[in-house]
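Now for the letters of each chain:
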Amino acid sequence: MKKGIIAFGFILAFLATSAQTDTTEINVEVEAKNGDSSVFKWGNSKVIVISSDKEDKDNDKKKSKDRWNHFAGIDLGINGFLSPSNSVDLQKEGEFMDLNYAKSISVAINFMEYYIPLWQEKIGFSTGLGFEFNSYDLDRDYTVFSDKDSTFGITDGTKNLEKNKFKSTMLNLPLMLETNIGRTAKNSFHLAIGGMASYRVGSKTKQIFSRNGEDYKVKNRTDFNMNPFRFSAVARIGYGDFTLFAAYSLTPIFEKDKGPELYPFTVGISLVSF
């Protein structure tokens, strides 16, 4: 394609030069086109332009084999907690963190991805960076408090709770072994398994409630004795640009002996790929 454009530009330049030196009318017309070449009739002469699209075809072929990003993008998931026995029943000590799963949402904005190929796009390591915004909708009428030694829940019968949220923001750094099986990215099955290190950027609670006819909105920003770092097992699986993911924290959400032993997990779908 590039060679064809250059050749055609050369013809135009030549015609312009001729027009300056000769006022005779010149007719240029396409006489025939065969495959990758075109024949132009110019006066009593013929000009054959050979246009090669091989370079473009090679680029298109290469692009068709390129790997699509499977981490960079926007993820939407459902949050939850598991007890040490891998049950969603959090027992008495953790009941103040019982969740309404329908409203416990995770949104991740994975703004960076880097792929380290071991065998072209078929097998390699993928890593990146992303922010994860977790909202845990507390199902019971507890207010989460913490001091330097513990995190606990307190009930208050004077509050008529409308909203009761526990929130955290994490910075994520994954490292996953990835495989892509298929001739093109569009028709490729992909699987990535590995780990993810996370740093807690912030945490807070948010309550909306009424008391004695008055409406209140209260936010409490503190660390709640959360572990500053989290290490998770992660997996992403899909076809083409469709991806499902799951993450299970190997680190409890609260520091040891400073809160109930709860392990966060998230399952969801990738909405947008960057």
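Anyway, here's the lowdown on the structure attached to this text. (Residues numbered from 1 in each chain as written. Predicted model: local features only at pLDDT ≥ 70, side-chain atom pairs only at ≥ 80, totals over all residues. Heavy atoms only, no water.)

**Thoughts on the packing of aromatic side chains**
Selection criterion: Any two rings among Phe, Tyr and Trp, with Trp reduced to its six-membered ring, count as a pair given centres within 6.5 Å; such a pair is stacked if its planes are under 30 degrees apart, edge-to-face if over 60, and tilted if neither. Working definition: helices are DSSP H or I runs of at least four residues, strands are E runs of at least two. Numbering for both runs from the N terminus. Only protein chains enter the accessibility calculation, which uses a 1.4 Å probe. A residue is then buried if its area is under 20% of the maximum for its type, exposed if over 50%, and partly exposed in between. Both a distance and an angle decide whether a charge sits over a ring: NZ of Lys or CZ of Arg must be within 6 Å of the ring centre and within 35 degrees of the ring normal.
In the structure shown here, the tally under the stated rule is 12 aromatic pairs. Judged by centre distance (6.5 Å) and plane angle (25°), the ring pair of Tyr101 and Phe265 falls under stacked. Remark: Phe265 occurs in strand E14 (residues 263–273) and Tyr101 occurs in the loop between strand E4 (73–82) and strand E5 (105–119); sequence separation between them is 164 residues. We classify Phe265 as buried; its relative accessible area is 18%. The structure contains a cluster of three or more aromatic residues connected by ring pairs, namely Phe81, Tyr136, Phe166, Phe224 and Phe254. Over the ring of Phe209 we find Lys159; its NZ or CZ atom is 4.8 Å from the centre of that ring.

**What to know about the pairing of strand E6 (residues 123–137)**
For clarity, the cut-off: Two strands make a pair as long as DSSP finds a minimum of two bridges between them.
Inspection of the sheet shows E5 paired to E6 by 12 bridges, in the antiparallel sense. Bridged to Pro117 within E6 is Gly124. The hairpin formed by E5 and E6 contains three residues between the paired strands, and Gln120 there has a positive phi angle of roughly 50°. The pairing of E6 with strand E9 (residues 160–181) spans 13 bridges and is classified as antiparallel. In the sheet register, Gly124 faces E9, and the bridge partner there is Glu178.

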